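Fold and geometry: a report
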Amino acid sequence: MGRLQASARQVKRAKSELMTDMNRIIRWVSAVIVPVGLLLYWKQTSVLGMVHSEAVVKTVASVIGMIPEGLMLLTSVSLAAGVVTLGRKKTLVNELYGIESLARVDVICVDKTGTLTSGHMALEQLIPAPGVSEDRVRDLLASFLCGMGADGSTAAALTAACPPRAAFRCLETVPFSSQRKWSLAVLEGVGSVILGAPERLLSGDALTQAQELAAQGLRVLALMESPDLPGIQDGDAQLPAHRKPLALLCLCDELRPQVRQTVEYFGREGVQLKVISGDSPLTVSSVAKRAGIPGAEKQIDLSQLDGEKDYTALSREYTVFGRVSPNDKRELIRALQRDGHGVAMVGDGVNDIPALKTADCSLAMAGGSDAACRVAQMTLLSGGFDAMPQILLEGRRVINNIQRAATLFLVKNIFSLFLSVISLFTDWPYPLQPMHLTVISALTIGIPSFFLAMEPNYDRVTGHFLRGVLRRAFPGGLTNVFAVLVCQAFMVVFDLPAASIATVCAGILAVVGMMVLFQVCKPFGTFRRIVWGAMLVCLVVVFTCLGELFELRSGTVQTNLLMLTLLLMTPTVFFAIQRLFDWGEKIFRRVFRRETA
């Protein structure tokens, strides 16, 4: 226990795809923005002959466009709102990105006691061995408990049924070990009294009887005595050579309320459940069947496997794992992760610490070990497994909404980066003013993304965050680049005023921004219709009534015709680019599948 608690103090870096991809975006922007900005300023002053003040304004506009301003803030606000929501549902979030981790898992590993079951155990049957009186069994068990102490739910249940008393004085104890699966007390005038797993202590008919009782869903312990003292080998205690069965102790544990409904929910969502327990696999399998876990009959006793264990094969074949050690739990989770699964671990004991630290998402049950609660990313304060679906849904809401908002932000960044680089190799100045980007960003990105990030969205999280966001953002960004370059070409060919062309470019960005927002809002509901319609009305007011305030100059007849033509052409270009991306994605998937096969 001391070693396991010491391991809990080791810091584990959060495994967050969202955090990783956000940091990647920041690194890319940081690497590009300074050299491109400096080169663009040099180009506009030295080559195009702009005055210093005008070149600075143009450069600032390009730099602002490349910064995903507000994206990190919106992400933090969305996660913080998720923390508050989960707090109302009796779930303490110890690590902010734990919300995302649970939303992405497709395998949940749970312990039996305290998770599927209530953890309140009671001694249901005491079956003395042939030729042994119940009074002697109770005297020895009471003396054993008096020497060992009542630590844990099992000991508490035995203590309630057989109060500790020193019928025989305890001289020495060997505490329970998850490796040995038994504990021992040396009683004066008796010898050794051993309590532990039947698989480790019994054989023959006695073991068969214990397994039949375990198959009924009972937790079965064997109580034995020996005139010999425990041996020592390699510094660890060994069982006495001559042992005699005293009794079988059968404990029962009730399922938690709504466990079956929770299991059914995860089944509908395509999330696998695996039960990893230190109890008999027959007992655990029986409880798993009562809880409705698919494949509960596929059970294995890991303590019976000799030599090196193939955890990958075991994790694929079995659903219930019994007699596991803390190391077994950790290695099973690693095997599932190597198979590409996102794994969550739910536990409440010190023995669960290695598994909790290894899992992609870790949850502890309130009322369990303090060390386990400190290690876990989230703590279920209500102590109920039935809170898991609510946490999963909240995680999905947060991640889906952040992905939707990130698409809006990156459209502007892609456009500004491409246009800035192209401007370095042409004689055309950067066409937009900072004020243009400010108002368009506010009405097509900032304000709508804030409202959309707070609405319910419980779709299953699929795919990679950055890849999916870029896939949805590129059509809008490239449409902006194409339309603005056409507009600048007309400016050069027909000698149109730069101020009017800047207004045309701003109008194009506004239209494309509304088209991207339209795509992001699908499928439309009442709330999304209101958000999209309100932003459209605001843009119309800005361009028709507040043009002077936002430096949107009224143009000549030529520029107005150019704007009308480009605005009519822009949707066609947008959907054509989007279709090209769809075709490319389908071809890539076919090739990738063929290569994989």
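Residues numbered from 1 in each chain as written. Predicted model: local features only at pLDDT ≥ 70, side-chain atom pairs only at ≥ 80, totals over all residues. Heavy atoms only, no water.

Re the side chain of Arg 471
The topology assignment puts Arg 471 in helix H19 (residues 465-494). Among the residues examined, Arg 471 registers a relative accessible area of 18% and is labelled buried. Look past the residues within four positions of Arg 471 in its chain and what remains in contact with it is Gln 578, Phe 581, Asp 582 and Glu 585. (Helix = DSSP H or I, 4+ residues; strand = E, 2+ residues; numbered from the N terminus. Buried < 20%, exposed > 50% of the residue type's maximum accessible area, 1.4 Å probe, protein only. Contact = heavy atoms within 4.5 Å.)

Quick word on the pairing of strand S7 (residues 219-226)
In terms of residue burial, S7 counts as a mostly covered element, since eight of its eight residues are buried. Side chains of S7 alternate between two faces, with Arg 219, Leu 221, Leu 223 and Glu 225 and Val 220, Ala 222, Met 224 and Ser 226 buried alike. Of the strand pairs in this sheet, strand S6 (residues 191-196) and S7 are connected by five bridges, and their pairing is antiparallel. The partner of Ile 194 across the bridge, within S7, is Met 224. Summarising the sheet, S7 and strand S10 (residues 244-255) pair through seven bridges and their orientation is antiparallel. For Ala 222, the partnering residue across the bridge sits in S10 and is Leu 248. (Pairing = 2+ DSSP bridges.)

Describing the sheet that holds strand S2 (residues 107-110)
Read from one edge of the open sheet, eight strands run S1-S16-S15-S14-S2-S11-S13-S12, paired in mixed fashion. A single partner strand is all that each edge strand has here, and the edge strands are strand S1 (91-93) and strand S12 (299-301). Between one strand axis and the next, the sheet turns through 20 degrees on average, direction left out of account. Where S2 lies against strand S11 (residues 272-276), four bridges are found, and the strand directions are parallel. Paired with Val 107 across the bridge in S11 is Gln 272. The strands touched by helix H14 (residues 326-338) within the sheet are S2, S11, strand S13 (320-322) and strand S14 (343-347), with S14 carrying the most contacts at an inclination of about 160 degrees. (Axes fitted to C-alpha atoms, helices over the stretch in contact; angles between N-to-C directions.)

With respect to helix H10 (residues 204-214)
For H10, the full list of buried residues reads Leu 207, Ala 210, Leu 213 and Ala 214. Down the axis, H10 shows its buried residues gathered within 120 degrees of arc, on one side only. (Arc of directions from axis to C-beta.)

Some thoughts on the pattern of salt bridges
The full count for this structure, using the stated rule, is 16 salt bridges. When the shortest N-O distance is used, the salt bridge between Asp 21 and Arg 24 registers 3.2 Å. Taken together, the residues span about one helical turn, with Asp 21 and Arg 24 both in helix H2 (residues 17-47) at a distance of three residues. Sharing partners across several salt bridges, the network here consists of Arg 330, Glu 331 and Arg 334. (Salt bridge = Lys/Arg side-chain N within 4 Å of Asp/Glu carboxyl O.)

Some thoughts on the pairing of strand S15 (residues 361-365)
Regular strands place side chains that alternate from one sheet face to the opposite one. With five of its five residues buried, S15 lies for the most part within the structure. With four bridges joining them, S14 and S15 adopt parallel strand pairing. Bridge pairing in S15 places Gly 347 opposite Ala 364. Following the chain from S14 across helix H15 (residues 353-358) to the adjacent parallel S15, one finds a crossover that is right-handed. (Right-handed = clockwise from strand over helix to strand, strands pointing away.)

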